[in-house]
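So the chains spell out like this:
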Amino acid sequence: MWWRRPKSREMDLERELCAHLELEAEEQQQSGLDPEQAHYAARRALGNAALIKEQVREVWGWALWDIFVQEIRYALRTLGRSPGFTATAVLTLALGIGASTAVFTVVDSVILKPLAYHNSGQLVQASERVRFLSLEPLGPNPRHVDLWQKRATDFSGLTLLRYRAAGLSQGSGHPRLIGAVTCLPNLFDILQVQALLGRVFLPEDGVKGHDNVAVLTYSLWQSLFHGDANVLNRTIRIDDTPRVVVGILPERFHFPNANALRTILSRPPVSGTPDPAVFLPVALDLTQFSWNGDYGNWVSLGRLKPGITAGRAEAQLTAIDGEVIQEMPANETHLESKLTAAVQPMQEAVVSDSRTGLWLLMAAVAGLMLLACLNLANAQLGRAMARRREAAVRTALGATKWRLVWNALAENLLLAAIGGATGVLLAFAALDLFRRYPPVDLPRLAEVHLNFSVLAFSVLVVVSASLLSGLLPAMRLASSDPQESLQQSTSRTLGNRQHTKLRTWLIGVQVFGCAALLLVTGLFSKSLLYLLNQDRGFQTGHVAVAEVRLTPNAYGTDQSRAVFDEAVLANLRAIPAVQAAGLVSAMPLEGVSWIEPLIRTDRPKQEGPLINLRWVSPGYFEATRQRLLAGRFFEDRDRGRNNVVLSEGEAKALWGNEDPIGGQVRVRNQTRTVIGVVADSRSTSLKSAPARMAYLHYADQPPFATFFMARSARAADTLVPEMRRAIWKYSPDVTIARVKTFDSQVMDSLAPERFQTSVLLAFGIAALLLAMLGIYGVLSYSVVTRKQEIGVRMALGATRRRVYTLTMSEASVPVIVGLAAGLLAGILAEGAVRTLLYGIQRVDPMVIATVAVLFLLAAAAAAFPPARRAASVDPMDALRSE
Amino acid sequence: MPKESSSRIQLLQGTLDMLILRTLLFGPAHGHQIARHIQQTTEDLLQIEHGSLYPALHRLERRGWIAAKWEPAGKDLKREFKYYRLTPAGRRQLVAEESKWKKLSSAIARIMWPAEEN
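Model, not experiment: these values are computed from the prediction.

Q: I'd like to hear about the overall build of chain A, residue by residue, with values.
A: Looking only at helices and strands, chain A has 26 helices and 23 strands in total. Relative to a compact globule of 882 residues, whose C-alpha radius of gyration would be 29 Å, chain A shows 38 Å and is clearly more extended. Out of the 882 residues in chain A, the part that is buried amounts to 44%. A sequence separation of at least 24 residues applies to 83% of the contacts in chain A between residues at least 6 apart.

Quick look at the structure:
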């Protein structure tokens, strides 16, 4: 029975053939041969028993499997004998699959996959461009959106929402900071999301007095109520206001955070921005908004009717905005007002910031993958050449050509299986790590899950690259003439020149990729160094900053906030070793905030650009060590005196070379006197030019979001717990959003750049190592095969120096050509990543030179050991060993 | 005793299967008997390496044309041989092969000896 277990089938065949031999021998004996002769005659008559068994096994049909098992065993042995090659191959495969799967998955989940809402293609973000402010789209004016809602026919719904950070508490304990979204009740109708428990908002929730409800996300429900189903109608306090929980959102629901749907595009994303955890309805009183202001605070989302394009909707909203300009009260129109709408698919809005960076990451991974595959191919090729003699012997002993190919296949499948499995594990681990400790703020991070089609794809690509690189040389071997190979391997000849040439040019391609990657890495490193080392205009060492969110309920009056601020500042200054403490109304390095026009009262016609207003306390400039250029810093006596401190740039713009001290400016309908000028600082962002600033005394309008800063003689991180205590000492109920060192704030503000640079650096180093490995491998092999030739040369008088140059120059042409082409490609690639680079000239000769020198040194280091081996060949020894 | 190899005829490819099937028409037989039978019937004219018989037997078994069973030899109950037996499918196959062979040989004959045909 052919399906019988191989072993018993094997025994069966053995028995059958034995019986045959016995019978034959008996017959031969009967015809007069002695037993021994009869035995041999019987064997002769039967033929080659091993061959017969083989043929029968082939008939059985499991021959393929049998060969396979045999070859796998053989491959295990041969791979075990060359652990260096095995480790390299497995690692290459594992890293290739792991890294590419992780990165492709992130790219796919963040950029490519549609947002996880029903018919998400219809969702759009609507903004407005206001010419007298700037040309970039801003969050629209709520009054305009109200008219859009009433008049636009292209939308099935439009909503308004606003992000905020809110303090959440349940009874006792310090409030904790969560992300909150305040929205019109129709948000969930537009997103087409149903509640998991309870309900989403009803239109009544948007009526004053009925708006004290809240809808929680699944994760907040889990962390706050541990998934208790009796959560409905419980009360939580958000910013000191009681709210009744009416609904829980589904687990799969994720809403982009404030970085993803920004209302002012030029404001940089803030690292550590919490994802929205609670949704609150807003009872919008439109009369509190002006007709031509309040831009850049609200986000408008809408759902287009089926078949309507974003462009058409944009034209319709722009037309309505035209009507708005006509209809608005005359005193609110600016003469130069021009209002247009901008409608962008929501997905586009959410992912646009991350796009360039992620594509860069993907290109780097793809490049590295290519290099790894090339390296593997080169190693395989070298291995195949080294085993030519073995293959020839096997062929001569009767192995079929297919057997040789099978052999290579088994070996590669084995490598692919081990490397692939490791790679899959690596991909899982990398993604898990990425989700848990995201190195950069990415939208849709919660949606990043290992994508099995991506995994399958990268396994397929990497494994097939490995198989191809392993099989092609094997096929070539199989088709080569064994006799020729056997003769050639007497190693006097120069080895197969063609093969070596192919390998050196593979090295050239590798060098090309490596050089391009290194150049881009160099540009990013230089850009990061520039960002870190440029003159900021302030000093961050020994400074810590604490963000406090005062709520309108408890601290509604200016007076109460001023009292709080004073008390906390006094507490801070009482901390031992604190040298200076102050407060400011905006977190440094988190972009512009509160921009207003500012004019000289004596020259009202002179229009300047909008400037940043910051409310600061005495001690702020001392804590951040900003340089005073003229006049003086704020002091306590400036309280209520309508004084202003200008930044250098603003003072120059208004007064030129005149002395601005004592001059009068008009801002927010108030006349203020200039008492000081401080040096320009990059306090809004390290990535943009210093912003024009006007600093006002905090007591003029104490901010709700207050940022306390303290400078100490001790290390800044020791200040962190003490600042927390100093604030809660005054009131344990205030929400401390975060306390961190100023240095870490700098680092966080550069998180995307640091991430990109460190990834590129890692890839660049890996690529360099791969290239070095490739050069080393090819030259080593070449030296081994040319040992005799080198011996002859030395016997004929070649010096050791000559042998060094001979060996090291062997791969020099491909290396130099590859290097030049790679640098050129890197320079061209720079254009694509321009927007991510700072302080870099178009073609940076320093970076190019550094990369070229670094690379040549590395290449020389890789070529040196083989060259030394060549130079240490003893001519007598080499000639004798023929 | 084997004859001189020059006077022996190489078996045509594919005909061994037919010969085995035909041999088994007389009743079950083991490998050695089949080999012996073919050799003796053709008076040692056909050169069959005994070894080549076994792959063929296993091939036919796999195709279901013959079935095999270990059975004691007729007289000697201690020894068992693997006896092959024709299955109904094998019988049909034999008929098909036979007619195919007849057509082939008559076709060849017509080309080789056209005059005799007339």
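Q: Break down the sheet that holds strand β2 (residues 29-30) of chain B for me, citing the residues and quoting the values.
A: Residues and elements named next belong to chain B. Judged by pairing direction, the sheet is antiparallel, and its three strands sit side by side in the order β2-β5-β4 without closing on themselves. A strand with exactly one partner marks an edge of an open sheet, and here the two such strands are β2 and β4 (66-72). Pairing between β2 and strand β5 (residues 80-86): two bridges, direction antiparallel. Counterpart to H30 in the pairing with β5 is Y83.

Q: Provide a residue-level description of the packing of helix α6 (residues 142-151) of chain A against helix α9 (residues 310-327) of chain A, including the pertinent values.
A: All names here are of chain A. In contact at an axis separation of 10 Å, α6 and α9 are set at 120° when each is read in the N-to-C sense. As judged from the angle between their axes, α6 and α9 are oblique. In terms of crossing hand, the pair formed by α6 and α9 is right-handed. On the side of α6, the interface is formed by H144, L147, W148 and R151, while α9 contributes L317, I320, D321 and V324. Among the residues making up the contact of α6 with α9, the classes are represented as five nonpolar, one polar and two charged.

Q: Run through the interface of chain B and chain A, naming residues and quoting values.
A: Each partner contributes residues to the interface: chain B has twelve residues there, and chain A has 16 residues. Residue assignment for the side of chain B that touches chain A shows that the elements contributing at least two residues are α2 (31-41), α3 (50-63) and β5 of chain B. The dominant element in the side of chain B that touches chain A, judged by the number of residues it contributes, is α3 of chain B, at seven residues. Partitioning the side of chain B that touches chain A into residue classes produces three nonpolar, five polar and four charged.

Q: How would you summarise helix α24 (residues 812-833) of chain A if you had to cite specific residues and measurements?
A: Along its 22 residues, α24 of chain A runs 31 Å from first to last C-alpha, staying within 8% of the 32 Å computed at 1.5 Å per residue. Restricting attention to buried positions, one finds in α24 of chain A the residues P814, V815, G818, L819, G822, L823, G826 and V833 of chain A.

Q: Any details on the environment of H30 of chain B? Residues and values, ideally.
A: Residue and element names in this part refer to chain B. Residue placement: H30 occurs in strand β2. For the pair H30 and M18, spaced twelve residues apart in sequence, the C-alpha to C-alpha distance is 16 Å. Excluding anything up to four places from it in sequence, H30 contacts F81, K82, Y83 and Y84.

Q: Just give me the short version of the nonpolar core, but keep the residues and values in it.
A: In terms of nonpolar packing, the biggest core is built from 93 residues, with L368, C514, A515, L518, L519, A767 and I775 of chain A touching the most fellow members. In this structure, I775 of chain A is in contact with I507, A811, V815, A859, A862 and A863 of chain A, ignoring residues within four places of it in sequence.

Q: Talk me through the confidence of the model for chain B; I want residue IDs and the actual numbers.
A: All names here are of chain B. Of all residues in chain B, 81% have pLDDT values of 70 or greater, and the mean over the chain is 80. Note that pLDDT drops below 50 for residues 1-6; the model gives that stretch two contacts with residues more than four away or on any other chain. Interface scoring of the predicted complex returns ipTM 0.83; its pTM is 0.71.

Q: Tell me what's going on with the environment of S453 of chain A, and back it up with residues and numbers.
A: Residue and element names in this part refer to chain A. Note on placement: S453 falls in helix α13 (residues 452-478). For S453, a count of 10 C-beta atoms within 10 Å translates into the label exposed. Separated by 352 residues in sequence, S453 and T101 have C-alpha atoms that sit 9.6 Å apart.

Analysis parameters
Residues numbered from 1 in each chain as written. Chains lettered and ligands numbered in written order. Predicted model: local features only at pLDDT ≥ 70, side-chain atom pairs only at ≥ 80, totals over all residues. Helix = DSSP H or I, 4+ residues; strand = E, 2+ residues; numbered from the N terminus. Rg over C-alpha atoms; globule rule 2.2 N^0.38 Å. Buried ≥ 20, exposed ≤ 12 C-beta atoms within 10 Å, placed from the backbone. Contact = placed C-beta atoms within 7 Å. Pairing = 2+ DSSP bridges. Axes fitted to C-alpha atoms, helices over the stretch in contact; angles between N-to-C directions. Parallel < 35°, antiparallel > 145°, perpendicular 65-115°, else oblique. Left-handed = near helix turned anticlockwise from the far one by under 90°. Nonpolar A, V, L, I, M, F, W, Y, C, P; charged D, E, K, R; others polar. Expected span 1.5 Å × (residues − 1). Core = buried A, V, L, I, M, F, W, Y, C linked by C-beta atoms within 7 Å. pLDDT = per-residue confidence, 0-100.

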